[in-house]
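# Structural characterization, general
Here is what each chain is made of, one letter per residue.
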Amino acid sequence: MFKKKIAFKLTAGFVIIVLISMLAIGIVFIQMFQQYTFDSREQTMLTRAQSIAEVMAENSQSTGQIRGFAGSMRFLDTMAEAKVWITDSKGNPSSVSGMGMGMGQGHTYNSEPLPQEAEKVIQEVLNGKESVSESFSSVYNEATLTVGVPIVDSNHQVIGSVLLHSPVTGITATLNKAVNILTISLLIALVLAIGLGIFFSLLFTRPLKAMNLTALEITRGNYATRTGVNRKDELGQLGNSLDLLASKLGYTINQLFQEKGKLKDIISSISEGIVAFDTSLKLISVNSALSEIMDRPQPYLNEDVEKDLNGLEIEAQLTKVMEEKKPSQVLKDWLGKKLMFTFSPIVDNFGMVTGSVALVQDISKSERLEQLRRDFVANVSHEFHTPLTVIRGSVEAMVDGTVENSEEIKRYHQRILSETRGLERLVEDLLELSRLQSGKITMNKEKLHVPNLLEDAVKSLQTIAEKKRVKIEYLSKQDIPPVLGDYDRLRQLFVIFLDNAVKYSPVYNKVTVETSVFESNTLSIVIRDQGYGIAADELTHIWDRFYKIDQSRNGRGTGLGLAIAKHLIELHGALVSVQSELGKGTVIEIKLPLDSSPS
């Protein structure tokens, strides 16, 4: 683990560089020192050999031979600081210095043979060339130099040679000392290199560690962290850049979270369902409105969403949308609802599709409204068509002269008048319903005594009830507190319910009206009849415009009374409930809020 750290790498690299540099310098220095020693010694020996050769050449001119120097050889040996050999022109030793050499003239005293490296030197010297040979002598146990110089007479003929053979005294010991010094220097340099390497590596790695910790804190979401590096070099610039990055990133992330929160609030407030998918059609996110649209309880888990969407078989449409990069729509039936799916691809800045989104709309209500609109137009057309047909037929009969009898003409006039009144009632009801729905109707609210209002409504319907032999019985209670409302509108409301109760009751039946007060400051008005009753599946439709139950299809009503009554109830802040059973009658309960203001 330690080998992977940059401090170790920096220290090791620093030490290796110093080690290699010191070794290279030391080796070059030793080689240069050795070569300098050899060159210096070689030059000295050549100079001395040349001097001896000149003396020998002068002597040979006077005596005619290279002899008679045996007594001087020991002196030459001392002066030359080397062993001296003098050979004739054939390479045979003529005189040699050193211990054990004779002193006589004309004789050769050679107690030591020539060294092996001298043979080659003699051959080159006898050819008229100066020669130098370097070798290691096992006798001296160090490097030796052999120098040869030819002895040339006045005729420029080589008549002999002078050889000097000497160890390079002290070079081995000097080199050994140099190696020891180099080794000690290397050790000292290594210690210094390690120390300096650790120091400089820590100098570099400490800010790097601080920056690393800062980066880790940023990944954990702590964008307020800082490196604390205060330097003017590149590391300081990097630390400042990382601090700036943390600051900018914190600001950007904060902005993104704000935008995400806004987007989440917007999506949550949307009444349509939103479902996002990735490219593999895997569910990513769902908004809360989808559960209500799909009639599923909260929480609507992703597993349940995927199961329901698989049942709707929308995978093919999603795949097509992502392939073509074009939005599309499809209608699906779900639990009695009409759902509109709008599919759109999600495309990034590079034009690549990264997923898709589905907008789910419950259009059942709009479909019902559209159907109601169509039904309204059809019903109005039907309601106008029948009386207009009767009126047109009657008028045509009178214009064509088909009807000439005054009694028949009068009957046709009465029929036209009756149908015209029916059209008038229909138009008035439509106008009334339109005013109620638009909210443009004026309400004159005041404190009302409901028993008096009910008695008025019952009296206005007594004539109709007597013709049908239906009795209206009002169980009056005079201690009823007042309510706040519009007298004419409430009277219209009660008349609508009483008229329907009388109209749809068989002869010799009774309609009762009761009032009661609840502790919740609510006045209850119950209208009960013993008529034909209403089927359970039709109760939800009785408030629709032009809706008539089967028993009333042939009646003269417009089918708008209960629709008008519903709006009147809403204008007074009241509630209404209907209970009915076929063949047993209908019970309608209206709950009006009592006036709580002081008298």
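For the structure itself, consult the block above.
Residues numbered from 1 in each chain as written. Predicted model: local features only at pLDDT ≥ 70, side-chain atom pairs only at ≥ 80, totals over all residues. Heavy atoms only, no water.

### Some thoughts on the packing of aromatic side chains
Under the defined criterion, the tally for this structure stands at 1 aromatic pair. A ring pair is formed by Phe 341 and Phe 343, whose centres lie 5.9 Å apart and whose planes are at 20 degrees; its orientation type is stacked. Phe 343 carries the same exposure label as Phe 341, and that label is buried. When the ring centre of Tyr 412 is taken as origin, the NZ or CZ atom of Arg 415, which lies over that ring, is 5.2 Å away. (Phe/Tyr/Trp six-rings, centres within 6.5 Å; stacked < 30°, edge-to-face > 60°. Buried < 20%, exposed > 50% of the residue type's maximum accessible area, 1.4 Å probe, protein only. Lys NZ or Arg CZ within 6 Å of the ring centre and 35° of its normal.)

### Section: the sheet that holds strand S12 (residues 471-475)
The 5 strands lie next to each other as S12-S14-S15-S17-S16, forming an open sheet whose pairing is mixed. Whereas interior strands pair on both sides, the edge strands pair on one side only; in this sheet they are S12 and strand S16 (575-581). Strand after strand, the sheet turns through a mean of 15 degrees between neighbouring axes, direction not considered. Relative to strand S17 (residues 585-593), S16 runs antiparallel, the two being bridged by 7 bridges. Each bridged residue has a counterpart across the sheet, and for Glu 581 the counterpart in S17 is Gly 585. Along the sheet, helix H11 (residues 450-460) contacts S12, strand S14 (510-518) and strand S15 (522-528); its crossing angle with S12, the most-contacted strand, is approximately 175 degrees. (Pairing = 2+ DSSP bridges. Helix = DSSP H or I, 4+ residues; strand = E, 2+ residues; numbered from the N terminus. Axes fitted to C-alpha atoms, helices over the stretch in contact; angles between N-to-C directions. Contact = heavy atoms within 4.5 Å.)

### Examining the side chain of Ser 131
Along the chain, Ser 131 falls in strand S3 (residues 131-137). Here the side chain of Ser 131 touches Glu 124 through a polar contact of 2.6 Å, side chain to side chain. Ignoring sequence-local partners within four residues, the contact set of Ser 131 consists of Val 121, Glu 124, Val 125, Thr 146, Val 147 and Gly 148. (Polar contact = N/O pair within 3.5 Å; in protein donor to acceptor, adjacent residues only side chain to side chain.)

### Focus on the pattern of salt bridges
Inspection of every chain in the model, using the stated rule, returns 13 salt bridges. Put simply, Arg 392 and Glu 396 hold a salt bridge, and the shortest N to O gap is 2.9 Å. Taken together, the residues span about one helical turn, with Arg 392 and Glu 396 both in helix H9 (residues 364-399) at a distance of 4 residues. The exposure class of Arg 392 is exposed, given its relative accessible area of 57%. (Salt bridge = Lys/Arg side-chain N within 4 Å of Asp/Glu carboxyl O.)

### What to know about the side chain of Thr 522
Mapped onto the fold, Thr 522 is located in strand S15. Classification of Thr 522 by relative accessible area gives buried; the value is 16%. The contacts of Thr 522, once residues within four sequence positions are left out, are Ser 516, Val 517, Lys 591, Leu 592 and Leu 594.

### Looking at the nonpolar core
The biggest cluster of nonpolar side chains holds 42 residues, and the ones touching the most others in it are Leu 493, Phe 494, Phe 497, Leu 498, Ile 525 and Leu 592. Per-element accounting of this core gives the leading share, 8 residues, to helix H13 (residues 487-503). Those residues in contact with Leu 498 that lie beyond four places of it in its chain are Ala 457, Val 458, Leu 461, Val 511, Val 513 and Ile 527. (Core = buried A, V, L, I, M, F, W, Y, C linked by side-chain atoms within 4.5 Å.)

### Some points on a nonpolar patch on the surface
Side chains of Leu 10, Phe 14, Ile 184, Ile 188, Leu 192, Leu 196, Phe 199, Phe 200, Leu 203 and Phe 204 sit close together on the surface and give an oily, nonpolar patch of about 900 Å² of accessible area. Looking at the nonpolar patch, the elements with two or more residues in it are helix H1 (6-63) and helix H4 (171-219). If you trace the backbone, Leu 192 turns up in helix H4. (Patch = residues over 30% accessible without salt bridge, like charges linked within 9 Å, V, L, I, M, F, W, Y side chains within 5 Å. Areas by Shrake-Rupley, 256 points an atom, 1.4 Å probe, with all protein chains shown as cover.)

### Describing the packing of H11 against H13
Orientation of H11 relative to H13, taken along the N-to-C sense of each, is 50 degrees, at an axis distance of 9 Å. It follows that H11 is oblique to H13 by the angle criterion. Remark: the crossing between H11 and H13 carries right-handed chirality. Of the residues in H13, those in contact with Leu 453, Leu 454, Asp 456, Ala 457, Val 458 and Ser 460 of H11 are Tyr 487, Leu 490, Arg 491, Phe 494, Val 495 and Leu 498. Grouping the constituent residues of the contact of H11 with H13 by class yields 9 nonpolar, 1 polar and 2 charged. (Parallel < 35°, antiparallel > 145°, perpendicular 65-115°, else oblique. Left-handed = near helix turned anticlockwise from the far one by under 90°. Nonpolar A, V, L, I, M, F, W, Y, C, P; charged D, E, K, R; others polar.)

### A look at H11
Along H11, the positions that sit buried rather than exposed are Val 450, Pro 451, Leu 453, Leu 454, Ala 457 and Val 458. Here the buried residues of H11 occupy an arc of 160 degrees about the axis, which is enough to place them on one side. (Arc of directions from axis to C-beta.)

### Observations regarding the sheet that holds strand S7 (residues 283-286)
Each strand in a sheet pairs with its neighbour through backbone hydrogen bonds, running either in the same direction (parallel) or in the opposite one (antiparallel). Spatial strand order, S7-S6-S10-S9-S8: 5 strands in an open sheet with antiparallel pairing. Bordering the open sheet on either side are S7 and strand S8 (328-334), each of which pairs with just one other strand. Put simply, the sheet's adjacent strands are angled 25 degrees from each other on average, direction ignored.

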